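As a plain string of letters, each chain reads:
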Amino acid sequence: TSITIPDSVTNIGESAFELSSLKSIELPTSVTIISPRTFYEADDLKSVTFGNDVTDIGELTFFNAKKLTSIIPNSVTTIGNDAFNYTDNLESITIPDSVTIGSNAFNIISTNSTVYVIDKSESVTFEQFKYIFNNTTSGHGTITYVDMNTFTTFIHKNDIDVFNINIIDELT
């Protein structure tokens, strides 16, 4: 099952799709808030297309959405506690460095995740963002961070930065 939300909707209500068999959803740019538990235990949810104006993702929003593989909420400013907890297949996350992340927000995600960090804040360094994000995960597996501003990649494995790669020219 897939659904497209009409442009007139600004807030997806609490528990709106909780325990649903929804497979994909497209959120229009009018949606700015995704309330707590909206997709709680939506086991079949694979794809969420975010509009450009989503700023808040509530607590437990995607909790246990085990088939979700990718999220790209580049306008988000707040991610609630446990928002993506137990999203075992979540491998690709694009997120601004200025986001406020609740506790355990990305706990138990894919053991080989890539986090694409968009530089939006002059006051938050890439290192600070990595520290904040690492504190919201269980620390198992490997997280690859890609700084989209400097094209620097850091491999983070079990609380250790393994190596970094700086891309300074086109790869041929």
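Residue positions are given per chain, counted from 1 along the sequence in the order it is written. Note on the predicted model: pLDDT of at least 70 is required for a residue's local features to be given, and 80 or more for side-chain atom pairs to be given and counted; whole-chain, interface and lining totals, by contrast, use all residues. Side-chain measures here rest on the full set of heavy atoms in the structure, leaving out hydrogens and waters.

(A) Region of interest: the pattern of salt bridges. Criterion for a salt bridge: a side-chain nitrogen of Lys or Arg within 4 Å of a carboxyl oxygen of Asp or Glu. Tallying each qualifying case throughout the model produces 3 salt bridges. As a salt-bridge pair, Arg 37 and Glu 18 come within 2.9 Å of each other at their nearest N and O atoms. On the criterion of sequence distance, the pair formed by Arg 37 in the loop between strand E4 (33-34) and strand E5 (47-49) and Glu 18 in the loop between strand E2 (11-12) and strand E3 (24-26) is long-range, its members being 19 residues apart. Between Asp 44 and Lys 67 there is a salt bridge; the shortest N-O distance is 3.3 Å. Of this pair, Asp 44 sits in the loop between E4 and E5 while Lys 67 sits in the loop between strand E6 (56-57) and strand E7 (70-71), placing them 23 residues apart in sequence. Classification of Asp 44 as partly exposed rests on a relative accessible area of 24%. Using a 1.4 Å probe on the protein chains alone, a residue whose accessible area is under 20% of its type maximum counts as buried, one over 50% counts as exposed, and one in between counts as partly exposed. Look at Lys 67 and you get partly exposed, because its relative accessible area is 38%. Only DSSP runs of H or I reaching four residues or more are called helices, and only runs of E reaching two or more are called strands; each is numbered from the N terminus.

(B) The arrangement of the sheet that holds E4 in detail. For two strands to count as paired, DSSP must find a minimum of two bridges between them. Strand order across the open sheet formed by 5 strands is E2-E4-E6-E8-E10, with parallel pairing between neighbours. Of all strands in the sheet, those with a lone pairing partner are E2 and strand E10 (100-101), marking the two edges. Pairing between E4 and E6: 2 bridges, direction parallel. In the strand pairing of E6, Ile 34 is matched with Ile 57.

(C) Summary view of the packing of aromatic side chains. The pairing test for Phe, Tyr and Trp rings, Trp by its six-membered ring, is centres within 6.5 Å, and the orientation test on the planes gives stacked under 30 degrees, edge-to-face over 60, and tilted for anything in between. The tally for this structure, following the rule as stated, stands at 8 aromatic pairs. Taking the centre distance of 5.0 Å and the plane angle of 10 degrees together, the rings of Phe 39 and Phe 62 count as stacked. Placement of the pair is Phe 39 in the loop between E4 and E5 and Phe 62 in the loop between E6 and E7, with a sequence separation of 23 residues. The exposure class of Phe 62 is buried, given its relative accessible area of 0%. With 5.1 Å between their ring centres and 5 degrees between their planes, Phe 84 and Phe 106 make a pair best called stacked. Taken as a pair, Phe 84 in the loop between strand E8 (78-79) and strand E9 (92-96) and Phe 106 in the loop between E10 and strand E11 (112-118) lie far apart in primary sequence, 22 residues in all. When its relative accessible area of 0% is taken as the criterion, Phe 84 is described as buried.

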